[in-house]
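# Overview (structure and organization)
Now for the letters of each chain:
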Amino acid sequence: MVKKKVKLTIKQSIIFSLVVMMVASIFVYYFSTDSHVKVLSCKNNYYLSDSEVYDLANVSTKTRIYLMPSIILEKRVEKMPFVQSCDVSKKNRKLTFDVQEKLMVGYYVKDNKNYALCQNGSSIEIDEQYLNMIVHFPLLSNFNAKQRKQLCEQFQKHRKVLTRELIEKFAEIVPYKTSYDKNMFKITMQDGNVVYTNLNSIKMLSKYQSVLTKLKGQSVCLVLDSTHSTIEKISCDDLNQKKKDTSDKKEAVDEAKQETQEKEERDKTMIEYEELR
């Protein structure tokens, strides 16, 4: 049997040579350090650290930058509930993550679990590995679902002034009642000062930093009043005493009502007894 020799045309030879060169180039590139990411960069992330973003994307300086599609990296980061969106760009062996996060109003504890309250009103359970995030937003104590919803609505409505930087100044927010307003909030600031406000006045919290330099003394309390566009500085001791006096007055009124009811019952009993006689 005679074997036939296959002769390639010049054109076929060129094509074959190009394919071989391309395969060889890919092979060399894949195993060379030039295929690796040289610089990792992250921007606009606030709650997540840079390293946490890279861990979510599963990238490092050993990642082959042009062999990993950007959309896959983006989807990996966006699986994290705190992330609104992620955009990945590549340039000169630099891999950049542009991360947009959801705004967190605060966090609360329910059934021994920690939940972050988003500006849009949704709640996200905070995994143990991300508990360090709670330093960026306040504890919401004794809030019910309706109050949390109302609070989010105000932060959504005034999102231009109620920013992440401002929220980070809050240590704790607690529902608070007074004799003239049963729907107030007591906000303890990270600096130890206390702010009292209601839902309508909560937007005035943006003025806190501007009045901060004018405050003197310790244990300073502020009352926000959007109706008159005022921020009143008061003594925390006076406010606490006023609340105590109001509470004492309420107790006295309740006791007086109870005594009146008991007297009426005694009088009624006496009348019934006299009628039986």
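See the structure shown above.
### Considering the sheet that holds strand β1 (residues 39-43)
Here we have 3 strands laid out as an open sheet, ordered β1-β3-β2, and mixed in their pairing. Pairing within the sheet leaves two strands with one partner each, and these edge strands are β1 and β2 (83-91). Taking the axes of each pair of neighbouring strands and ignoring which way they run, one obtains an average angle of 15° across the sheet. Note that β1 and strand β3 (residues 94-101) share 5 bridges and pair parallel. Within the sheet, the bridge partner assigned to K43 lies in β3 and is D98. Together, β2 and β3 form the strand contacts of helix α3 (residues 70-78), whose direction differs from that of β2 by roughly 150°.

### Here's the deal with the packing of aromatic side chains
By the definition in use, this model includes 8 aromatic pairs. For the pair Y108 and Y115, a centre-to-centre distance of 5.6 Å together with 20° between the ring planes defines the contact as stacked. Assessed through its relative accessible area of 7%, Y108 is described here as buried. Take Y115: its relative accessible area is 18%, and that puts it in the buried class.

### Observations concerning α3
Buried within α3 are the following residues: L73, E74 and V77. Viewed along the axis of α3, the buried residues span an arc of 100°, placing them on a single side of the element. Against α2 (50-57), β2 and β3 lie the buried residues of α3.

### Topic: unusual backbone geometry
A positive phi angle, near 70°, is found at N44, a position not held by glycine. Relative to the helices and strands, N44 is located in the loop between β1 and α2. Looking at N44, the relative accessible area reads 47%, which means it is partly exposed. A positive phi is found at N142, a non-glycine position, where the angle reads about 60°. Mapped onto the secondary structure, N142 falls in the loop between β7 (139-140) and α4 (145-157).

### Focus: the environment of E172
Position of E172 relative to the elements: it lies in strand β8 (residues 170-176). In the structure, E172 is positioned 16 residues away from T188 in sequence and 5.2 Å away in space, judged by C-alpha atoms. At 2.6 Å, the side chain of E172 and the side chain of S141 are in polar contact.

### A few points about the packing of α2 against α3
Between α2 and α3, whose axes approach to 7 Å, the crossing angle comes to 115°. The crossing of α2 and α3 is right-handed. Contact residues: V53, L56 and A57 in α2; L73, R76 and V77 in α3. Of the residues assigned to the contact of α2 with α3, the class counts are 5 nonpolar, no polar and 1 charged.

Cut-offs applied
Residues numbered from 1 in each chain as written. Predicted model: local features only at pLDDT ≥ 70, side-chain atom pairs only at ≥ 80, totals over all residues. Heavy atoms only, no water. Pairing = 2+ DSSP bridges. Helix = DSSP H or I, 4+ residues; strand = E, 2+ residues; numbered from the N terminus. Axes fitted to C-alpha atoms, helices over the stretch in contact; angles between N-to-C directions. Contact = heavy atoms within 4.5 Å. Phe/Tyr/Trp six-rings, centres within 6.5 Å; stacked < 30°, edge-to-face > 60°. Buried < 20%, exposed > 50% of the residue type's maximum accessible area, 1.4 Å probe, protein only. Arc of directions from axis to C-beta. Polar contact = N/O pair within 3.5 Å; in protein donor to acceptor, adjacent residues only side chain to side chain. Left-handed = near helix turned anticlockwise from the far one by under 90°. Nonpolar A, V, L, I, M, F, W, Y, C, P; charged D, E, K, R; others polar.

All quantities given are derived from atomic positions and should not be read as evidence of function.
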